[in-house]
Amino acid sequence: MHKTNYSRAVMKSGAYLTLTLDLSEPVEIEEFARVFAGIGGMFDDFLKREHPEMHGTANLYVREVRDGSIVADLVPSIPDMIGYADNALIVLSFGALFSKRVRNFIAGKWMEKATKSQLNHITDALTAVATDSKGEATVETIEFREDGERRELVVRFSSKDARAAVEIIQDQKRSLDVKEGVDEPRALMTFERPARSIIGVGKRTGEKAVIEKVTTKPLPVIYASEMAEQSIKSLFQSENVFKQGFIVDANVERKNGKPVAYRVTNLHQTIDLLGED
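Per chain, residue numbering runs from 1 following the sequence as it is written. Local features are withheld for residues below a pLDDT of 70 in this predicted model, meaning they are given only at 70 or higher, and side-chain atom pairs are given and counted only at 80 or more; totals for whole chains, interfaces and linings count all residues. To get the side-chain values, all heavy atoms of the structure are used, and hydrogens and water are removed first.

A. Expanded view of the confidence of the model for the chain. pLDDT expresses, on a scale from 0 to 100, how confident the predictor is about each individual residue. Within the chain, residue pLDDT values average 83, and 82% of them lie at 70 or more. Under the scheme used here, helices are H or I runs from DSSP no shorter than 4 residues and strands are E runs no shorter than 2 residues, and both carry numbers assigned from the N terminus. At the level of individual helices and strands, the chain shows its lowest average pLDDT in helix 1 (residues 6-13), which scores 57, and its highest in helix 4 (residues 116-130), which scores 94.

B. Representation of the packing of aromatic side chains in the model. Two rings from Phe, Tyr or Trp (for Trp, the six-membered ring) form a pair when their centres are within 6.5 Å of each other. A pair whose planes differ by under 30 degrees is stacked, one over 60 is edge-to-face, and the rest are tilted. If you walk through the whole model with that rule in mind, you get nine aromatic pairs. With 5.7 Å between their ring centres and 50 degrees between their planes, Phe-46 and Phe-94 make a pair best called tilted. With Phe-46 in helix 2 (residues 29-50) and Phe-94 in helix 3 (residues 84-106), the pair connects residues that are 48 residues apart, well separated along the chain. This pair shows no difference in class: Phe-46 is buried, exactly as Phe-94 is. Judged by centre distance (6.2 Å) and plane angle (50 degrees), the ring pair of Phe-94 and Phe-98 falls under tilted. Taken together, the positions of Phe-94 and Phe-98, both in helix 3 and four residues apart, correspond to about one turn of that helix. The burial state of Phe-94 is the same as that of Phe-98; both residues are buried. Three or more aromatic residues joined by ring pairs make a cluster, and in this case those are Phe-43, Phe-46, Phe-94 and Phe-98. Under the scheme applied here, a residue whose accessible area is under 20% of the maximum for its type counts as buried, over 50% as exposed, and between as partly exposed, the area being computed with a 1.4 Å probe on protein chains only.

C. Spatial organisation of helix 2. Under the 1.5 Å per step criterion, the end-to-end length of helix 2 is 32 Å for 22 residues, consistent within 8% with the ideal 32 Å. Those residues of helix 2 not exposed but buried are Glu-31, Val-35, Phe-36, Gly-38, Ile-39, Gly-40, Gly-41, Met-42, Phe-43, Phe-46 and Leu-47. Here a helix's expected span is defined as the number of its residues, less one, multiplied by 1.5 Å.

D. The side chain of Asp-132, seen in detail. When you line up the elements, Asp-132 lands in the loop between helix 4 and strand 4 (136-145). Comment: no salt bridge for buried Asp-132; closest opposite-charge side chain is Arg-163, at 6.9 Å. A polar side-chain atom of Asp-132 sits 2.7 Å from a polar atom in the side chain of Ser-24. Whether two residues are in contact is decided by their heavy atoms, any of which lying within 4.5 Å being enough. Those residues in contact with Asp-132 that lie beyond four places of it in its chain are Leu-23, Ser-24, Glu-25, Ser-159 and Arg-163. Positive: Lys, Arg. Negative: Asp, Glu. His and the chain ends are not part of the count. Any carboxyl oxygen of Asp or Glu that lies within 4 Å of a side-chain nitrogen of Lys or Arg is treated as forming a salt bridge with it. The definition of a polar contact used here is a pair of N or O atoms within 3.5 Å, where within protein one atom must be able to donate a hydrogen and the other to accept one, and adjacent residues in sequence count solely through side-chain atom pairs.

E. Broad picture of the pairing of strand 1 (residues 15-22). Within strand 1, seven of the eight residues are buried, which leaves the element mostly enclosed by the surrounding structure. In this sheet, strand 4 lies alongside strand 1 in antiparallel orientation, the contact comprising eight bridges. Among the inter-strand pairings, Leu-21 is bridged to a residue of strand 4, identified as Ala-137. Examined bridge by bridge, strand 1 and strand 3 (residues 69-76) share six bridges and lie antiparallel to one another. Bridging across to strand 3, Leu-17 finds its partner in Leu-74. Pairing between strands is defined by DSSP: at least two bridges between the two strands are required.

F. Spotlight on the side chain of Lys-173. Along the chain, the position of Lys-173 falls in helix 5 (residues 159-180). In this view, Lys-173 contacts Leu-119 and Asn-120; residues no more than four positions away in its chain are not counted.

G. Summary view of unusual backbone geometry. At Arg-186, a position not held by glycine, the phi torsion is positive, near 50 degrees. By secondary structure assignment, the location of Arg-186 is in strand 6 (residues 182-193). The class for Arg-186 is exposed, based on a relative accessible area of 52%. Although it is not a glycine, Asn-256 adopts a positive phi angle of roughly 55 degrees. On the secondary structure map, Asn-256 appears in the loop between strand 9 (244-255) and strand 10 (258-272). According to the relative accessible area criterion, Asn-256 is exposed, its value standing at 74%.

H. Quick look at the environment of Ser-197. Looking at the secondary structure, you find Ser-197 in the loop between strand 6 and strand 7 (204-211). Spatially, the C-alpha atoms of Ser-197 and Lys-233 are 7.4 Å apart, while their sequence positions differ by 36 residues. When residues no more than four places from it in sequence are discounted, the contact partners of Ser-197 are Glu-229 and Lys-233.

This is the structure we're talking about:
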């Protein structure tokens, strides 16, 4: 199969995306590559859903690297059966989708019906800016018209914006983890090492607890719900924790098939443990 080079791809595309990274610090090669892979993955997902006949035809070309700034063009390789104008519309539509998703995450909104793969692609696209102390990214569309090139801003975001977006993406990924975990509904949990301070959703608390029908070994506790954490911690203040059983919904995290931690999603009630003084 003939390989489409950069110049030929640009001339056939009708439009393309340009990403400019203005970073205050040197970027690691891995993060550099993740940005391009992330945008390319998002574009490939877009084609798979909206234009399956073009799925797998996107190429990413790095046009220029300057001091403290990286300029990259995302130019799709266009099958001959796709019209020039139609291809420009495809690129512009993807630009609008990219803008919407990035802006929504910055604003604290989750992506509807997202998969982990989609969330990983967006995270990768943001990672270099998110890890920079005061960087900025600009994404634009370049459209070829009879009267010349037309450049339009898709989205511009700072390191602070990117970090906020990545945090929201991680929250949504943790939510997916809860849904995909091994559910233990209304399981009896007893605490071996409680802690009263509120740590936050998705973080290791330092607590250890036992669900005997899973394993008699105490495992770390992670709260997958803010309400569950607050409800349980409020009982720690007033009850003798070691004389109480907690009826919870939990997901079991496993490594190589062995349970390694509990993610608590809900507290139903507490019970007095029999045989305790």
